[in-house]
Amino acid sequence: MLTSIKDRSVIVTGGSKGIGRGIAKVFARHGAKVTIVARHEQELKATCDELAGEGGALRYEICDVCDWDEVKRMVDSAAAAQGGLDVMCANAGIFPQTKMVEMDIAEWDRVMATNLRSAFLCVKASIPHFDRAGKGRVVLTSSITGPVTGFPGWAHYGASKAGQLGFLKTAAMELSRYNTTINAVMPGNIFTEGLQDLGQEYLDTMAASIPLKRLGEVEDIGHAALFFASDEAAYITGQQIVVDGGQILPESLEAMAEI
Ligand code: NAP
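Residues numbered from 1 in each chain as written. Predicted model: local features only at pLDDT ≥ 70, side-chain atom pairs only at ≥ 80, totals over all residues. Heavy atoms only, no water.

Caption draft 1: Representation of unusual backbone geometry in the model. Phi is positive for aspartate 7, which is not a glycine, with a value near 70 degrees. Considering the arrangement of structural elements, one finds aspartate 7 in the segment before β1 (9-13). With a phi close to 60 degrees, lysine 213 is a non-glycine residue in the positive phi region. In this structure, lysine 213 sits in the loop between α7 (200-208) and α8 (218-229). (Helix = DSSP H or I, 4+ residues; strand = E, 2+ residues; numbered from the N terminus.)

Set out below in structure tokens:
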């Protein structure tokens, strides 16, 4: 049981939906003060209302995580409202599925900005607050797609998620000066609104290819993020953990048929 997160100040980007909402829910349940971040206010409000009974305290900031000025304002505003900043969960991301032959350059850039540049911006904006506090935690939401696996249509997405892990290694070294750790969760297929948009056939075939025979729940990622953010994980930095129900393990369809 992790007891160290109560009253901590947490930001969760992409917290209005999906995995981000799951991360926010788990932190709120453990008594944290949580700011959720996204571009659409209606969904942010609805999520704050929905999670109000979980414990902790919920608030929101409207922000496009691709934009430095917006990210800086958002982080400073959340820290002012919550009495500092202890944990940055840089989770917001997009995953349009387009094969390279049809992909336009703007889509590649949009995915890179939303998934990779945003991780850098969120960390950069958090550093002054971690410096002031003398400690901090960053948790990135990467993916198995890119660092471990490939999937047609996700060349840009995979590159952005593998790029997050490349960023993580040097960031961990630089952040150590501020007594701050940075680690990444690598989800497999987690049941979210974003994934639902890919269609029932995608969801069914994915579930069949996972040894635990189901998609993950958003809270599965929230619990991994909570661990990285806890005092108990103080000596872990620059690392990543796969949370995928065993999805990357089977060597072949035959291997799956054996279980
Ligand atoms: P989702 O359900 O589509 O939610 C995405 C969240 O990110 C929303 O809150 C969205 O809100 C926000 N967002 C998107 N672009 C943004 C921007 N430019 N600025 C601020 N917020 C932005 O997605 P999800 O499935 O939960 O995925 C969340 C993260 O997990 C992503 O990084 C994704 O790559 C990663 N992941 C997901 C899975 C999975 O199976 N679902 C697997 C591996 C990794 P607005 O649209 O209102 O801005």
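Caption draft 2: Structural detail: the packing of helix α1 (residues 18-29) against α8. The contact between α1 and α8 brings their axes to 7 Å, and the two run at 55 degrees. The pairing of α1 with α8 is recorded here as oblique in orientation. Handedness of the crossing formed by α1 with α8: right-handed. For the pair α1 and α8, the contacting residues are Gly18, Ile19, Gly22, Ile23, Lys25, Val26 and Phe27 in the first and Val218, Glu219, Ile221, Gly222, His223, Ala225, Leu226 and Ala229 in the second. (Axes fitted to C-alpha atoms, helices over the stretch in contact; angles between N-to-C directions. Parallel < 35°, antiparallel > 145°, perpendicular 65-115°, else oblique. Left-handed = near helix turned anticlockwise from the far one by under 90°. Contact = heavy atoms within 4.5 Å.)

Caption draft 3: Structural detail: the layout of surface pockets. One number sums up the size of the largest pocket: a volume of about 1,100 Å³. Residue assignment for the lining of the largest pocket shows that the elements contributing at least two residues are α1, β2 (33-38), α4 (105-133), α5 (155-175), α6 (193-196) and α7. For the lining of the largest pocket, the class distribution of residues is 19 nonpolar, 19 polar and eight charged. (1 Å grid on protein atoms, 1.4 Å probe; cavity = no way out; pocket = protein on both sides within 12 Å on 5 of 7 lines; lining within 4 Å. Points joined across faces, edges and corners; volume = space filled by probe spheres on them. Nonpolar A, V, L, I, M, F, W, Y, C, P; charged D, E, K, R; others polar.)

Caption draft 4: Quick peek at the pairing of β1. Counting buried residues in β1 gives five out of five residues, a clear majority hidden from the surface. Burial of β1 is two-sided: the residues Ser9, Ile11 and Thr13 facing one way and the residues Val10 and Val12 facing the other way are all buried. Alignment of β1 against β2, held across five bridges, turns out to be parallel. Each bridged residue has a counterpart across the sheet, and for isoleucine 11 the counterpart in β2 is threonine 35. Crossover connection from β1 via α1 to parallel β2: handedness right-handed. Pairing analysis gives three bridges linking β1 to strand β4 (residues 87-90), with the strands arranged parallel. Across the sheet, the residue bridging to valine 10 is valine 87, located in β4. (Buried < 20%, exposed > 50% of the residue type's maximum accessible area, 1.4 Å probe, protein only. Pairing = 2+ DSSP bridges. Right-handed = clockwise from strand over helix to strand, strands pointing away.)

Caption draft 5: Here's a closer look at empty space enclosed by the protein. On inspection of all chains with the given rule, the structure shows one cavity of 30 Å³ or more. Reported here for the largest cavity is a volume of approximately 30 Å³. Every residue along the wall of the largest cavity is listed here: Thr13, Ala90, Asn91, Ala92, Asn115, Ser118, Ala119 and Gln164. If one sorts the elements of the lining of the largest cavity by residue count, α4 sits on top with three residues. Its residues placed into classes, the lining of the largest cavity shows three nonpolar, five polar and no charged.

Caption draft 6: Looking closely at the nonpolar core. Counting residues in hydrophobic clusters, the biggest one holds 30 residues, and the most contacted among them are Ile11, Val71, Val75, Val138, Leu140 and Ile182. At six residues, α4 tops the list of elements feeding residues into this core. Excluding its chain neighbours within four sequence positions, the residues that come into contact with valine 71 are Cys63, Asp64, Val65, Leu121, Cys122 and Ala125. Formed by 28 residues, the second largest nonpolar core is a distinct cluster that contains Ile19, Ala32, Val87 and Ala229. (Core = buried A, V, L, I, M, F, W, Y, C linked by side-chain atoms within 4.5 Å.)

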